[in-house]
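Next come the chains, spelled out residue by residue.
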Amino acid sequence: MCGIIGYIGFRDAKEILVDSLKRLEYRGYDSAGIAIIDKKQQLFKDIGEIDEIKKNLPDFKGTIGIGHTRWATHGGVTKENAHPHLSSNKKIAVVHNGIIENFTKLRDNLKKKGYKFLSQTDTEVIAQLIEDNYTGNLEKAVFSALKKVEGYYAIVVTCTDEPDKIVGARKDSPLVIGVGDNENYLASDVTAFLKYTNRVVYLNDGELCIISNKEIRIFDEKNIPIERKENLIKWDLKDAEKSGFPHFMLKEIYDQPETVHHVIRGRISEIYRTIEFNEKVENLLKNGINSINIIACGTSYYAGLIGKYLVEKLTGIPVNVELSSEYRYFGTRNESSLVIAVTQSGETLDTLAALKEAKNSGCKTLVVTNVVGSTATRISDAYILTQSGPEIGVAATKTFTSQILVLFLLALKISIIKNKIGADELYKYILQLKELPRNVRQILNQSKKISGIASKLKNANSVFFIGRGLNYPLSLEGALKLKEISYIHAEGFAAGELKHGPFALLTKTTPVVVIVTKDSTYAKMIANIGEVKARGPQVIAIAEDSDTEIDKHADFVLPFPSNSGLLSCVPITVILQLLAYHVANLRECSIDKPRNLAKSVTVE
Ligand code: M6R
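Residues numbered from 1 in each chain as written. Predicted model: local features only at pLDDT ≥ 70, side-chain atom pairs only at ≥ 80, totals over all residues. Heavy atoms only, no water.

Caption draft 1: Quick peek at the packing of helix 9 (residues 298-315) against helix 16 (residues 471-486). Contact geometry of helix 9 with helix 16 gives a least axis separation of 9 Å together with a crossing angle of 165 degrees. With respect to their mutual orientation, helix 9 and helix 16 come out roughly antiparallel. Read as a crossing pair, helix 9 and helix 16 show a hand that is left-handed. Across the interface between the two elements, Gly298, Thr299, Tyr302, Leu305 and Ile306 of helix 9 pack against Pro473, Leu474, Leu476, Glu477, Leu480 and Lys481 of helix 16. Partitioning the contact of helix 9 with helix 16 into residue classes produces 7 nonpolar, 2 polar and 2 charged. (Axes fitted to C-alpha atoms, helices over the stretch in contact; angles between N-to-C directions. Helix = DSSP H or I, 4+ residues; strand = E, 2+ residues; numbered from the N terminus. Parallel < 35°, antiparallel > 145°, perpendicular 65-115°, else oblique. Left-handed = near helix turned anticlockwise from the far one by under 90°. Contact = heavy atoms within 4.5 Å. Nonpolar A, V, L, I, M, F, W, Y, C, P; charged D, E, K, R; others polar.)

Given below as structure tokens:
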């Protein structure tokens, strides 16, 4: 769960590495470091965030170097454990993302050979192993060292004896090459070098690459050279910057009218009244699906729960939603089931492991992700991109609403294939989809009002979120968003469940956010509000703007447009996101980088 960058070219490597690490900070931010070759390895690393570390950085000169921003897995947060790590002879420098499972055994063997270790990390073992295998050719040494390693990794390596090359390798952790003119990059994410180039070459699992300022060479796991085409990334650099907003999270919330537009673009046809995906996805869906398993973690899991509701309602096909971390060990795998992995990053380790389990059991696999070229897209039968642009804030916002919309489009597509939907009904949904950016904008215009209500929550010890049907997973997501960025304890419940236990926790100081839609559960929700209020808490209702009764029951009301139908989950989500954001902002929390969390969880 770390950020990696390597640069070789003609520019000042220090400047490029620091700038790229700043852009990668969301992958981990407990410590960072760089190693630049100027005859010897010039190493600087420390604990803290890049801006702090930068202040003490010596004036290293050089045009080749590697850098790393860390989120600790093996070994505590110390300067010694920060990357890069050097081999004993100080010639080889390594940055690494992943976990080497047999590192204790490897370290013991290396110690017996006289290698000295300065850190508790598994990465230092890789540096020493490379030195141990070095006979004058870095790529050969890396290749031999990795044969002894069990686990997963993305590594970037330099050696002072060969200052004209950087070697990279990956297995189950992301690594991508940025292609420049007389310069090249290696990084865990495209955003690291997007300022300098949008030309990329993806590496597959098990591959090793050698980059110089003029050349890129790639080898497969059998050491056979491979030709790989360049891809062009369409993301704009400004997409990866804050554009004047105080936080990435707020910018990304405000991106949503546009991202909603992007996710449906090219996929709905008002004229032909149809839904279209790429050929691989279409073939997968035409295969005759009898059941679906959705696997995901965190916010993506809640998108999956919403997807279950949508797919079952529109197609009648049963959908089982499982946490990837559970599915990979205990999930029921049925060959005739389509397994859909929902993962913003496409790199969440538990989801990748669950996906592999599904594949090995003969299931067809489909991935919904935001990151083109991510590992998930490479190991699945087909994938659908959410097309949200880079999401930098640790809290998932725009990618969540895009995931919901992809699942909605999938539900519509399957219902068309299965003849479960008439042309008029489909047209109604197409119109609702087209109306959605406007509905989201209406919510954004209420930001000030939502901030006012946030001030009522900011001193709460605990906040409950309740809803029924689609509004139940939304309650779970509302609670997750609040707890992860404001550090207030929050829980989401199915409204009918409160009386089965959680009621015991309700006091005057436990505000309850109630999501109410004017469907068959409306009367029950009004009754639930009454039950809650009888125990003292203040009630904040998120309700349809056409609901003229709700004022009588709730203390505060946040309206959303009535015309969104099934898709009301999108504007409701935006209210929940803004509520969490404003509470966290009033509490002066570290919104984009909440404590103990990182954007993409590539550990178990
Ligand atoms: O990249 P993924 O969608 O697979 O990530 C899964 C979770 O780690 C993620 O959704 C997490 O819960 C969110 N960052 C919370 O806002």
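Caption draft 2: Layout of helix 4 (residues 123-133). Burial runs high along helix 4: 10 of the 11 residues are buried. Considered for burial, the residues of helix 4 that qualify are Thr123, Glu124, Val125, Ile126, Ala127, Gln128, Leu129, Ile130, Glu131 and Asn133. In this fold, the buried residues of helix 4 make contact with strand 5 (85-86), strand 6 (92-100), helix 3 (103-112), helix 5 (138-147) and strand 7 (151-159). (Buried < 20%, exposed > 50% of the residue type's maximum accessible area, 1.4 Å probe, protein only.)

Caption draft 3: Spotlight on the site of the ligand. By nearness alone, 14 residues border the ligand, and Ser300, Thr343, Ser345, Thr348 and Glu484 come closest of all. Between the ligand and Ser345 there is a distance of 2.6 Å, counted from an oxygen atom to a side-chain nitrogen or oxygen. Val394 places a main-chain nitrogen or oxygen 2.8 Å from a nitrogen atom of the ligand. When isolated, the ligand has an accessible area of 410 Å², and the protein chains bury 91% of it. Secondary-structure elements contributing two or more residues to the shell around the ligand are helix 9 and helix 16. Split into classes, the residues belonging to the shell around the ligand amount to 5 nonpolar, 7 polar and 2 charged. The two domains that each donate at least three residues to the shell around the ligand are domain 2 (238-444) and domain 3 (446-604). (Near = heavy atom within 4 Å. Polar contact = N/O pair within 3.5 Å; in protein donor to acceptor, adjacent residues only side chain to side chain. Areas by Shrake-Rupley, 256 points an atom, 1.4 Å probe, with all protein chains shown as cover. Domains from an automatic or database assignment.)

Caption draft 4: The packing of aromatic side chains, seen in detail. All chains considered together, the criterion is met by 8 aromatic pairs. Put simply, the rings of Tyr7, Tyr185, Phe193 and Tyr196 touch in pairs and so form one group of aromatic residues. Sitting over the ring of Tyr429, Lys428 keeps its end group 4.7 Å from the ring centre. For Arg595, the ring lying beneath its charged end belongs to Tyr487, and the centroid distance is 3.8 Å. (Phe/Tyr/Trp six-rings, centres within 6.5 Å; stacked < 30°, edge-to-face > 60°. Lys NZ or Arg CZ within 6 Å of the ring centre and 35° of its normal.)

Caption draft 5: Up close: the nonpolar core. Membership of the largest hydrophobic core comes to 93 residues, with the highest contact counts inside it found for Ile292, Ile340, Leu366, Phe408, Leu412, Leu433 and Ile542. Looking at this core element by element, the count peaks at 12 residues for helix 18 (residues 569-586). Mapping this core onto the domain boundaries places at least three of its residues in each of domain 2 (238-444) and domain 3 (446-604). When neighbours within four sequence positions are excluded, Ile292 is seen to be in contact with Val311, Ile317, Pro318, Val319, Asn320, Ser337, Leu338, Ile340 and Ile414. (Core = buried A, V, L, I, M, F, W, Y, C linked by side-chain atoms within 4.5 Å.)

Caption draft 6: Looking closely at the domain arrangement of the protein chain. Per the domain assignment, the segments making up the protein chain are domain 1 (3-233), domain 2 (238-444) and domain 3 (446-604). Spacing between the C-alpha centres of domain 1 and domain 3 amounts to 43 Å.

Caption draft 7: Broad picture of the sheet that holds strand 10 (residues 184-187). The 8 strands lie next to each other as 3-2-4-1-10-9-11-15, forming an open sheet whose pairing is antiparallel. At either margin of the open sheet sits one strand with a lone partner, and together these are strand 3 (40-47) and strand 15 (231-232). The pairing of strand 9 (residues 176-179) with strand 10 spans 4 bridges and is classified as antiparallel. Bridging from a neighbouring strand, Ile177 pairs with Leu186 of strand 10. Taken strand by strand, helix 1 (residues 13-24) contacts strand 1 (3-8), strand 2 (31-38), strand 4 (64-70) and strand 10, and its axis lies near 155 degrees from that of strand 1. (Pairing = 2+ DSSP bridges.)

Caption draft 8: Inspection of the environment of Asn56 at higher detail. Along the chain, Asn56 falls in the loop between helix 2 (50-55) and strand 4. With 12 residues separating them along the chain, Asn56 and Phe44 place their C-alpha atoms 9.0 Å apart.

Caption draft 9: Region of interest: helix 13 (residues 398-417). Taking 1.5 Å of rise per residue, 20 residues should cover 28 Å, and helix 13 covers 29 Å from first to last C-alpha, within 8% of that figure. Extensive coverage of helix 13 is indicated by the burial of 18 of its 20 residues. Backbone geometry just after helix 13 places Asn419 at a positive phi near 55 degrees. (Expected span 1.5 Å × (residues − 1).)

Caption draft 10: Structural context of the sheet that holds strand 6. If you trace the 7 strands from one edge of the open sheet to the other, you get 5-6-7-8-12-13-14, paired in antiparallel fashion. Among the strands making up the open sheet, the edge pair consists of strand 5 and strand 14 (225-226). Pairing analysis gives 4 bridges linking strand 7 to strand 8 (residues 166-171), with the strands arranged antiparallel. Residue pairing across strands places Ala154 opposite Arg170, the latter belonging to strand 8. Helix-sheet contacts for helix 5 involve strand 7, strand 8, strand 12 (208-211) and strand 13 (216-219), and the interaxial angle to strand 7 is about 160 degrees.

Caption draft 11: Layout of the pairing of strand 11 (residues 199-202). Where strand 9 and strand 11 come together, 3 bridges link them in antiparallel fashion. The residue bridging Val176 from the neighbouring strand is Tyr202, located in strand 11.

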